Every structure is written in structure tokens, then in C-alpha cells.
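Coordinates in review
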Amino acid sequence: AALKVQLDTKLFGQHLAKEVVLKAVLGFSNNPSPKKPLTLSLHGWAGTGKNYLSQILAEHVHPAGLRSKFVHLFLATLHFPHHEQLKLYKEQLQNWIRGNVSACPHSVFIFDEMDKMHPGLIDAIKPFLDYYEQVDGVSYTKAIFVFLSNAGGDLINKAALDFWTSGKQREEIHLKDLEPTLSVGVFNDKNSGLWHSSLIARNLIDYFVPFLPLEHKHVKMCVRAEMTARGYAVDEKVVQAVADEMTFFPKEQKIYSDKGCKTVQAKLDIHEDI
């Protein structure tokens, strides 16, 4: 119930992501003996809520969230910058995950910037995601792995626009409309971090979760939420002013924010004097 409230009040315009993640996490949490770790791959353009959702999810498992020593965030450009050190990174990653799951079976691992990850690197963790009761005496079946990626964002945006063009509501988009295209698209994308990955080939990713591009109304929701978080009274003039400063696509229709809600905080700073 707490997870649902968090998602309903903090994540805007993402009915699919909410629905899928809520079901997946609750099913996993309530299963006394899962056969494998829960593995989610979140896809969509920047600013659509992938990081936000992964933080909410981490807090659901460990209240301190990203500050918890049992929640681990990897950034491709920071932790794995050099292609020539691929072999070393694979060893380090395996040792790090092995050590942390040994210390806490309910560890959460978040891999951000998957689209900047060197091809083949993520396959190093395949043994931990597979259907094994134990690997070298350690059980990984209660851990959670989350991948965040901009890869597949164009496919998702195209599908959302097609729905809009045909006069359908975005809420009518179902996971089955996007997930097959998304998994194939990411598998065949050299810049996805999951290019020809054994994680996909072996069906070890439980859900490919699409994050839809955000519309004007969702950007306004983000502004209101940010004002409330800062302790301000919500002023609709400011809400409109911030939304008006965002840029939208396609050029003609201007339906979707091209940065999602990414720059809302910075733009609100400018209007604080109001």
C-alpha cells in the first residue's frame, strides 16, 4: 500500500511503469522462495521518471534508499569508463555483487546509464540473475536488479505518438503493445548496453518497463509537486510560466516535453522571487 501511494503521488504520466513495477515488486516480496532475483529494465527518454521510480523502489526495500549500504548505484560513465579495462570491470562487478549479497540477501543493485555501458560488460552478472538456488554457496534469489536506459526511448515515443494520432488515450497503451518491440530493439541496439546480451537471450530480464514521453499536463504536475516539496503554496501562474519555458516535440504538434521533468527544479529556481 505504501509503495502504491508513493508511486501515485510522485510519479506522473507513467501508468504502465506504475502498474508493472507494483505488481512485480509485490509478487516478488510476497514469494517466500523466488526462483531468481527480480530483474527490471526501465526504458525511456531522460526526465520521464526512471531514476525516480528506482529510488522509490529502493526505499520500499530499505527505508534509507540510496543512502542504505544495501542499495548500490552504478553509473556506467563513472564506474566503468575505460573500454580497455573491460576484463577488470567484469571481475570487480562480480566480486562486488557476491560480497554484498553475502552480507544482505535483499540487496538492491541499480545500473544507471545502461546505454553508455560497454557491450558485453553486463553479461558478467548473468550467473547471479539465472535460475540457480546458489552460486558458489551464495543465493541471489532475494536480490533486486534494476537497469535504467535511454535506449528504446525513440521506439516508445513513436508508439505513444501513434496512439495519439489515432485518437486513443495514452492510458489505453498496454505493456503488450510495447514490451516485445522494446526487448528486440534493445537487443539489436549496439548502444544499449544490452546488445546481443545473454540476459535477454536467456529471458533473465523479468520486465522491460516503458516510460512514456510526458505531456504538458504532466510537466505541470511535476512543477506543483516540486513547489509543494519546497513548502510553497501552489501558484498556477508560476506553474504555467515554468511549463511555458519547456520545449516540446514533434515540431508541429508540440505534445511531449523533450526533457520530461528533468529541468523543472532549475526553472522553478528562476521563478522563486514570484
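The rules behind each value
Residues numbered from 1 in each chain as written. Predicted model: local features only at pLDDT ≥ 70, side-chain atom pairs only at ≥ 80, totals over all residues. Heavy atoms only, no water. UniProt positions renumbered as here; feature names shortened; annotations may be inferred. Helix = DSSP H or I, 4+ residues; strand = E, 2+ residues; numbered from the N terminus. Disulfide = S-S within 2.5 Å. Buried < 20%, exposed > 50% of the residue type's maximum accessible area, 1.4 Å probe, protein only. Phe/Tyr/Trp six-rings, centres within 6.5 Å; stacked < 30°, edge-to-face > 60°. Lys NZ or Arg CZ within 6 Å of the ring centre and 35° of its normal. Pairing = 2+ DSSP bridges. Axes fitted to C-alpha atoms, helices over the stretch in contact; angles between N-to-C directions. Parallel < 35°, antiparallel > 145°, perpendicular 65-115°, else oblique. Left-handed = near helix turned anticlockwise from the far one by under 90°. Contact = heavy atoms within 4.5 Å. Nonpolar A, V, L, I, M, F, W, Y, C, P; charged D, E, K, R; others polar. Polar contact = N/O pair within 3.5 Å; in protein donor to acceptor, adjacent residues only side chain to side chain.

Where an unreviewed UniProt entry is consulted, the protein appears under the name Torsin-1B, with the organism given as Pterocles gutturalis. As recorded by UniProt, the Sequence similarities (unreviewed entry) comment attached to the protein reads in full: "Belongs to the ClpA/ClpB family. Torsin subfamily."

**Some remarks on the UniProt feature "domain: Torsin-1A C-terminal" (unreviewed entry) in the protein**
Within the UniProt annotation, "domain: Torsin-1A C-terminal" (unreviewed entry) is assigned to residues 214-269. For the annotated span residues 214-269, helix accounts for 54% and strand for 7% of the residues, and the straight-line distance between the end C-alpha atoms is 21 Å.

**A closer look at the state of the cysteines**
What the rule picks out here adds up to 1 disulfide. A sulfur-sulfur distance of 2.0 Å marks the disulfide that ties Cys222 to Cys261. Handedness of the Cys222-Cys261 disulfide follows from its S-S torsion of about 85 degrees: it is right-handed. Within this pair, whereas Cys222 is found in helix H10 (residues 216-229), its partner Cys261 is found in the loop between strand S7 (256-257) and helix H12 (264-270), the two being separated by 39 residues in sequence. Given the relative accessible area of 15%, Cys222 is considered buried.

**Quick notes on the packing of aromatic side chains**
Tallied over the full model, the rule gives 8 aromatic pairs. On the basis of an interplanar angle of 25 degrees and a centroid distance of 6.0 Å, the ring pair of Phe74 and Phe80 is categorised as stacked. Relative to Tyr256, the ring of Phe249 has its centre 5.7 Å away and its plane inclined at 50 degrees; by these criteria the two rings are tilted. The residues Phe249 and Tyr256 share a single accessibility class, namely buried. Three or more aromatic residues joined by ring pairs make a cluster, and in this case those are Phe74, Phe80, Tyr89, Phe111 and Phe147. The cationic tip of Lys168 hangs over the ring face of Phe163; the distance from NZ or CZ to the ring centre is 4.9 Å.

**Focus: the pairing of strand S4 (residues 144-149)**
S4 sits mainly inside the fold: 6 of its 6 residues count as buried. The alternating pattern of S4 places Ile144, Val146 and Leu148 and Phe145, Phe147 and Ser149 on opposite faces, both of which are buried. Strand direction decides the pairing type here: strand S1 (residues 38-43) and S4, joined by 6 bridges, are parallel. Residue pairing in the sheet places Leu42 in a bridge with Leu148 of S4. As paired elements, strand S3 (residues 108-112) and S4 share 4 bridges and run parallel to each other. Within S4, the position partnered with Val108 by the bridge is Ile144.

**Section: the packing of helix H2 (residues 15-30) against helix H3 (residues 50-61)**
With their axes 12 Å apart at the nearest point, H2 and H3 run at an angle of 20 degrees to one another. One way to sum up the angle between H2 and H3 is to call them roughly parallel. The interaxial crossing formed by H2 with H3 has right-handed handedness. Residue-level contacts link Ala17, Val21, Val25 and Ser29 of H2 to Leu53, Leu57 and His60 of H3.

**As for the packing of helix H1 (residues 2-10) against H3**
In contact at an axis separation of 10 Å, H1 and H3 are set at 160 degrees when each is read in the N-to-C sense. It follows from the interaxial angle that H1 and H3 lie roughly antiparallel. Once H1 is placed against H3, the crossing between them reads as right-handed. Residue-level inspection shows Leu3, Gln6, Leu7 and Lys10 of H1 in contact with H3, the latter providing Tyr52, Leu53, Ile56, Glu59 and His60. Grouping the constituent residues of the contact of H1 with H3 by class yields 5 nonpolar, 2 polar and 2 charged.

**Quick notes on the sheet that holds S1**
Within a sheet, neighbouring strands are paired by backbone hydrogen bonds and run either parallel or antiparallel to one another. A sheet is described by the order of its strands in space; here 5 strands give the open sequence S2-S3-S4-S1-S5, paired in parallel fashion. Whereas interior strands pair on both sides, the edge strands pair on one side only; in this sheet they are strand S2 (71-75) and strand S5 (207-210). For this sheet, the mean inter-axis angle between neighbouring strands, taken without regard to orientation, is 15 degrees. Relative to S3, S2 runs parallel, the two sharing 5 bridges. Along S3, the bridge assignment pairs Leu73 with Ile110. Sheet strands touched by H3: S1, S2, S3 and S4. Its angle to S4, the strand with the most contacts, is close to 170 degrees.

**Looking at the side chain of His72**
Along the polypeptide, His72 turns up in strand S2. A distance of 3.5 Å separates the side chain of His72 from the backbone oxygen of Lys69, its partner in a polar contact. Ignoring anything within four residues of it in the chain, the contact list for His72 reads Trp96, Asn100, Ser107, Val108, Phe109 and Ile110.

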